[in-house]
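The primary structure of each chain is shown beneath.
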Amino acid sequence: MSISANGISDDVVLSAEGLRKSFGRGETAVTALDDISVDFEAGRFSAIMGPSGSGKSTLMHVLAGLDRVDSGTITMSGRDITTLNDRQLTQLRRDRVGFIFQAFNLVPTLSAEQNIELPVSLARKRIDRDWKAEVVERLELGDRLKHRPHELSGGQQQRVAVARALLTRPDVIYADEPTGNLDSHSGTEVLSLLHGATTRYGQSIIMVTHDPMAASHADRVVLLKDGRAGGEVRQPTRESVVSALSELSDQ
Ligand SMILES: Nc1ncnc2c1ncn2[C@@H]1O[C@H](COP(=O)(O)OP(=O)(O)OP(=O)(O)O)[C@@H](O)[C@H]1O
Ligand SMILES: [Mg+2]
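Just so we're clear, the structure is a prediction, and the values are computed from it rather than from any experiment.

1. Observations concerning the site of ligand 1
As a matter of local geometry, ligand 1 sits amid Phe23, Gly24, Val30, Ala32, Gly50, Ser52, Gly53, Ser54, Gly55, Lys56, Ser57 and Thr58. Counting only elements with at least two residues in the shell around ligand 1, the list comes to strand 2 (30-41) and helix 1 (56-63). Here the shell around ligand 1 takes three residues from helix 1, the largest share from any one element. In terms of residue class, the shell around ligand 1 is made up of three nonpolar, eight polar and one charged.

2. Comments concerning the sheet that holds strand 7 (residues 172-176)
Across the sheet, which stays open at both edges, the six strands sit in the order 6-7-8-3-9-10 with mixed pairing between neighbours. Edge positions in the sheet fall to strand 6 (97-100) and strand 10 (228-234), since each of these pairs with one other strand and no more. Geometrically, the sheet is characterised by an average inter-axis angle of 20° between neighbouring strands, direction not taken into account. As paired elements, strand 6 and strand 7 share four bridges and run parallel to each other. Along strand 7, the bridge assignment pairs Val97 with Val172. This element, helix 1, spans strand 3 (45-49), strand 7, strand 8 (204-208) and strand 9 (220-225) of the sheet and lies at about 150° to strand 8. Packing of helix 8 (residues 238-250) onto the sheet brings it into contact with strand 3, strand 9 and strand 10, and relative to strand 10 it is tilted by some 160°.

3. Overview of the nonpolar core
Ranked by size, the top nonpolar core spans 65 residues in total, and within it Leu63, Ala163 and Tyr174 carry the most contacts. At seven residues, the largest contribution of residues to this core is made by helix 5 (residues 154-167).

4. Some details on the packing of helix 3 (residues 112-122) against helix 5
Relative to each other, helix 3 and helix 5 sit at 30°, their axes nearing to 8 Å. By the angle class used here, helix 3 and helix 5 are roughly parallel. Note that helix 3 runs across helix 5; the crossing there is right-handed. Contacts between helix 3 and helix 5 involve Ala112, Asn115, Ile116, Glu117, Leu118, Pro119 and Val120 on the former and, on the latter, Val160, Ala163, Arg164 and Leu167. For the contact of helix 3 with helix 5, the class distribution of residues is eight nonpolar, one polar and two charged.

5. Quick word on the packing of helix 4 (residues 129-138) against helix 5
The geometry of helix 4 relative to helix 5 is characterised by a closest axis approach of 10 Å and an angle of 160° between their N-to-C directions. Here helix 4 is positioned roughly antiparallel relative to helix 5, judged by the angle of their axes. Crossing of helix 4 against helix 5: the hand is right-handed. Of helix 5, the residues touching helix 4 (which contributes Trp131, Lys132, Val135 and Val136) are Ala163, Leu166 and Leu167. Taken together, the residues of the contact of helix 4 with helix 5 break down into six nonpolar, no polar and one charged.

6. Section: the pairing of strand 4 (residues 71-76)
In the sheet, strand 1 (residues 12-23) pairs with strand 4 via five bridges, with the strands oriented antiparallel. Paired with Ala16 across the bridge in strand 4 is Ile74. Here strand 4 runs beside strand 5 (residues 79-80); their pairing, made up of two bridges, is antiparallel. Of the residues in strand 5, the one forming a bridge with Thr75 is Asp80. With antiparallel pairing between neighbouring strands as the criterion, strand 4 and strand 5 make up a hairpin whose turn holds two residues, including Ser77 at a positive phi of roughly 45°.

7. Comments concerning unusual backbone geometry
With phi around 45°, Ser77 is a residue other than glycine that occupies positive phi space. In this fold, Ser77 is placed in the loop between strand 4 and strand 5. Of note in this structure, Gln235 is not a glycine but carries a positive phi near 45°. Considering the arrangement of structural elements, one finds Gln235 in the loop between strand 10 and helix 8.

8. Observations regarding the sheet that holds strand 1
The four strands are arranged 2-1-4-5 in an open sheet whose pairing can be described as antiparallel. Where the open sheet ends on each side, the last strands, each with one partner, are strand 2 and strand 5. Inspection of the sheet shows strand 1 paired to strand 2 by nine bridges, in the antiparallel sense. Looking at the pairing, Leu14 lines up with Phe40 of strand 2. The strands that helix 1 touches are strand 1, strand 2 and strand 4; relative to strand 1, the one it contacts most, it runs at about 120°.

What counts and how
- Residues numbered from 1 in each chain as written.
- Chains lettered and ligands numbered in written order.
- Predicted model: local features only at pLDDT ≥ 70, side-chain atom pairs only at ≥ 80, totals over all residues.
- Near = placed C-beta within 6 Å.
- Helix = DSSP H or I, 4+ residues; strand = E, 2+ residues; numbered from the N terminus.
- Nonpolar A, V, L, I, M, F, W, Y, C, P; charged D, E, K, R; others polar.
- Pairing = 2+ DSSP bridges.
- Axes fitted to C-alpha atoms, helices over the stretch in contact; angles between N-to-C directions.
- Contact = placed C-beta atoms within 7 Å.
- Core = buried A, V, L, I, M, F, W, Y, C linked by C-beta atoms within 7 Å.
- Buried ≥ 20, exposed ≤ 12 C-beta atoms within 10 Å, placed from the backbone.
- Parallel < 35°, antiparallel > 145°, perpendicular 65-115°, else oblique.
- Left-handed = near helix turned anticlockwise from the far one by under 90°.

Listed below in structure tokens is the structure:
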């Protein structure tokens, strides 16, 4: 790993320092992020795990520039994104970042295919036909491309959201429970496509999951508890993740 003059590793795509975020005020205030510092390496598949309510989605939203922190810095490819204005954030999300949300956020009036191609068109990039064909085939969406989201099952909608994020080939893909609605066969296909995006195209993937099997496809698991960092597991296996989670809940 190379270290640049400013002491930050060149291989870190995303660096979060002292992140804090609360929702609400006074007695009903909830601290979602309580002084979190974490780095994510470029070209790696990272998972974020932790109990429900531990701050995983909130962390992902602020890292992606979808929501603002109360304090702390988030450096993406050398640039502090917490100081960007709304227009700059929109541009960052359009050009550099892809999302697979817990609710898939498909555009209801567009077909599956139009949804898949939308971010590429918005960024005025060219569609890589070969990559699209491979993604559509491996996600078994070939016979569903002309359907609109409400004509698709939950799992099919999720796979459309995965295809949409992959096709743009952004620097970073954020995925919140991308296999949550899928059977084990489609889930494995999604995880292997995400992993392939890191090795083939050098993209970085940050995935929230509750499933130790899904997490074992990642290069590293970052643990959260009560809005705080709770350690990490490198080269995770299902077993090492299960035991790290049970240690986390005993703490
Ligand atoms: N918009 C909001 N308004 C108020 N509180 C919120 C909001 N979003 C999140 N929270 C609170 O912040 C905390 C962290 O929520 P978050 O959604 O990040 O958890 P999570 O780890 O993603 O949980 P899950 O595994 O259930 O998806 C929770 O206590 C939640 O109730
Ligand atoms: Mg969540």
